[in-house]
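# Chains, contacts and geometry: an overview
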Amino acid sequence: MTQLQFRRNRRLRTSKTMRSMVRETILHKEDFIYPMFVIEGENVKNEVSSMPGIHQFSLDRLMEEVDEVVSLGIPSVILFGIPSEKDATGTGAFDEEGIVQRATRLIKEKHPDLVVIADTCLCEFTDHGHCGVVHGDEVLNDPSLELLAKTAVSQAKAGADIIAPSNMMDGFVIAIRQALDEAGFENVPIMSYAVKYASAYYGPFRDAADSAPQFGDRKTYQMDPANRMEALREAESDVMEGADFLIVKPALSYLDIMRDVKNNVLLPVVAYNVSGEYSMVKAAAANGWINEKEIVLETLTSMKRAGADLILTYHAKDAARWLEGK
Ligand SMILES: [Zn+2]
C-alpha cells in the first residue's frame, strides 16, 4: 500500500513578512511607461469620456501632467499626437513642427532625464484613419514604410529617446532602423509593437486619439486574436530586423503570448495594458463593484509575472502612488 502524504505549503504564508520574503514578482514604479495624448490648440485639458482620469493636453498645459509623472518617479512617457488637420498620407506625422515633435522638444527641454518614447504611426494623422498609405480599400505595405521611416527620423531629431513603431506593416523595423542609422541616430532604440492583435480592447483609445478607421478594419495588418504561433513569427521577424524591445498588445487577454515571447527572445518584453482594459476597471470601480487599487496592482503584477519587463499603462500614476503607500 502506498502511504499518501501531503505537504504543508501554508508554512510559507504564515505572516506578512514571511510572504514578502518568498514573493516572486515585485512591481516597481520604474516598470511603468505612461501614455499621453497631445493635441493642437490652447488651454486644452479634455478628459477622454471613455477613459476617466486620462486627458488630451495642449502644449501649454502638457507640463502639468509631465511634472506630476516625473515627481512620482515614473521613468518614461509615450506620446500620441492629435493634429488639427489630417490628410491622405498623414503628413502631420513627419512634420518637424508636428504636434509630437513639438511636445517632445518641450518635454526634453524641461526634463532631460525623462525617457520620451514617440509612437510612430500614421493613423492619428491620416484622414482615412488607417496606419499606412491607402489605395482603394487596400493598405499598401511598402509605400507606408517610407513615410514611417520619415516619421521616425523627425521624431528622433526632435529628441525622442525611443522610437515605437505601431503600424504592423511588414519590414517596418528594418526600414526605420536603416533610416535612423543613415540620419545619425544609430543609438536611438526601437521599441516595436511586434505582437499586436486586431483587438476590440482598443475602442476607448480611438476616442482619445481620434484614430478610428473611416472604412474597413485593421485585420489585414494586425493579428488574429486566435493565433499563437504567428505571434512568435512576428516577434522573430522584429528581432531579426533589429528591434531593441518587443511590445505585446493587448496584455490582459494575451498573458500566454507574453510568456511565449519572453521564453523565446532575449529582448526586453513590454506589455501594453490597453485602453479597454483600463476602462473596464474604471467603470467597475465607479460602480463600487471592485476594489480599484487591489485589482490594478494584481493585474499589473500578473503582466510582470507573465514575462513583461516593462508595462505601458494608463494606471501608471495611481499605481506608482499606491506602491509608495500613498
Ligand atoms: Zn496606427
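What comes next is a walk through the structure.

Thresholds applied
Residues numbered from 1 in each chain as written. Predicted model: local features only at pLDDT ≥ 70, side-chain atom pairs only at ≥ 80, totals over all residues. Heavy atoms only, no water. Helix = DSSP H or I, 4+ residues; strand = E, 2+ residues; numbered from the N terminus. Buried < 20%, exposed > 50% of the residue type's maximum accessible area, 1.4 Å probe, protein only. Contact = heavy atoms within 4.5 Å. Areas by Shrake-Rupley, 256 points an atom, 1.4 Å probe, with all protein chains shown as cover. Patch = residues over 30% accessible without salt bridge, like charges linked within 9 Å, V, L, I, M, F, W, Y side chains within 5 Å. Salt bridge = Lys/Arg side-chain N within 4 Å of Asp/Glu carboxyl O. Donors = N, O, S within 2.8 Å, 3.2 Å for Na, K, Ca; no water. Lys, Arg positive; Asp, Glu negative; His and termini not counted. Pairing = 2+ DSSP bridges. Phe/Tyr/Trp six-rings, centres within 6.5 Å; stacked < 30°, edge-to-face > 60°.

## Topic: the overall build of the protein chain
Within the protein chain, the secondary structure is distributed over 11 helices and 12 strands. Projected onto its principal axes, the C-alpha coordinates of the protein chain cover approximately 75 × 45 × 40 Å. Burial statistics for the protein chain: of 326 residues in total, 55% are counted as buried. Looking at the protein chain alone, contacts between residues at least 24 apart form 75% of all its contacts between residues at least 6 apart. Carbon and sulfur atoms make up 49% of the accessible area of the protein chain, which totals about 15400 Å².

## Describing a nonpolar patch on the surface
Where nonpolar side chains cluster on the molecular surface, the patch consists of Leu12, Met21 and Val22 and spans about 300 Å² of accessible area. Mapping Met21 onto the fold places it in helix 1 (residues 16-21). For Met21, a relative accessible area of 64% corresponds to the exposed category.

## Brief notes about the coordination of the zinc ion
Perfect tetrahedral coordination of a metal by four donors corresponds to 109.5 degrees between them, and perfect octahedral coordination by six donors corresponds to 90 or 180 degrees. Within the first shell, the zinc ion binds the protein through Cys121 (SG), Cys123 (SG) and Cys131 (SG), at distances of 2.2 to 2.3 Å. Positions of the donor residues of the zinc ion, expressed as sequence spacing, correspond to C-x1-C-x7-C. The same class applies to Cys123 as to Cys131, namely buried.

## Focus: the side chain of Lys249
Tracing the chain through its elements places Lys249 in strand 10 (residues 245-249). Of the buried charged residues, Lys249 lacks a salt bridge, with Asp119 as the closest side chain of opposite charge at 6.3 Å. Each residue touching Lys249, except ones within four places of it in the same chain, is listed here: Tyr193, Val195, Lys196, Tyr197, Tyr202, Tyr272 and Val274.

## Re the pairing of strand 3 (residues 55-58)
Burial along strand 3 is two-sided: the residues His55 and Phe57 and Gln56 and Ser58 are all buried. The pairing of strand 1 (residues 32-39) with strand 3 spans 3 bridges and is parallel. Pairing of Ile39 across the sheet is with Ser58, part of strand 3. Here strand 2 (residues 45-47) pairs with strand 3 via 3 bridges, running antiparallel.

## With respect to the packing of aromatic side chains
Scanning all chains against the criterion turns up 8 aromatic pairs. Their ring planes at 5° and their centres at 6.3 Å tell us that Phe37 and Tyr314 sit as a pair that is stacked. Here Phe37, found in strand 1, pairs with Tyr314, found in the loop between strand 12 (310-313) and helix 11 (316-323); they are 277 residues apart in sequence, far enough to count as distant. Of the two residues, Phe37 and Tyr314, neither departs from the other in class, the shared state being buried. Ring plane angle 80° and centroid distance 5.0 Å describe the contact between Phe80 and Phe205, whose orientation is recorded as edge-to-face. Of this pair, Phe80 sits in strand 4 (residues 76-82) while Phe205 sits in helix 6 (residues 203-209), placing them 125 residues apart in sequence. As far as the burial class goes, Phe80 and Phe205 line up, both buried. Feature note: the residues Phe37, Phe80, Tyr193, Phe205, Tyr272, Tyr278 and Tyr314 constitute an aromatic cluster, connected by ring pairs.

## Things to note about unusual backbone geometry
Note that the residue after Lys249, namely Pro250, is joined by a cis bond; omega there is -5°. As for its placement among the helices and strands, Pro250 is situated in the loop between strand 10 and helix 8 (255-264). For Asn43, which is not glycine, the phi torsion reads 55° and is therefore positive. As for its placement among the helices and strands, Asn43 is situated in the loop between strand 1 and strand 2. Taking relative accessible area as the criterion, Asn43 reaches 55% and is therefore assigned exposed. Positive phi outside glycine occurs at Asp210, with the angle close to 50°. As for its position among the elements, Asp210 is in the loop between helix 6 and helix 7 (229-241).

## Section: the pattern of salt bridges
Applying the stated rule across the entire model yields 20 salt bridges. A salt bridge links Glu30 to Lys29; the nearest nitrogen and oxygen atoms lie 3.3 Å apart. For Lys29, a relative accessible area of 19% puts it in the buried group. Among the salt bridges present, the one from Arg228 reaches Asp260, with a minimum N-O distance of 2.5 Å. Taken together, the positions of Arg228 in the loop between helix 6 and helix 7 and Asp260 in helix 8 put the pair 32 residues apart, joining distant regions of the chain. Overlapping salt bridges bring together Glu65, Glu68, Lys282, Glu292, Lys317, Asp318 and Arg321 as one network.

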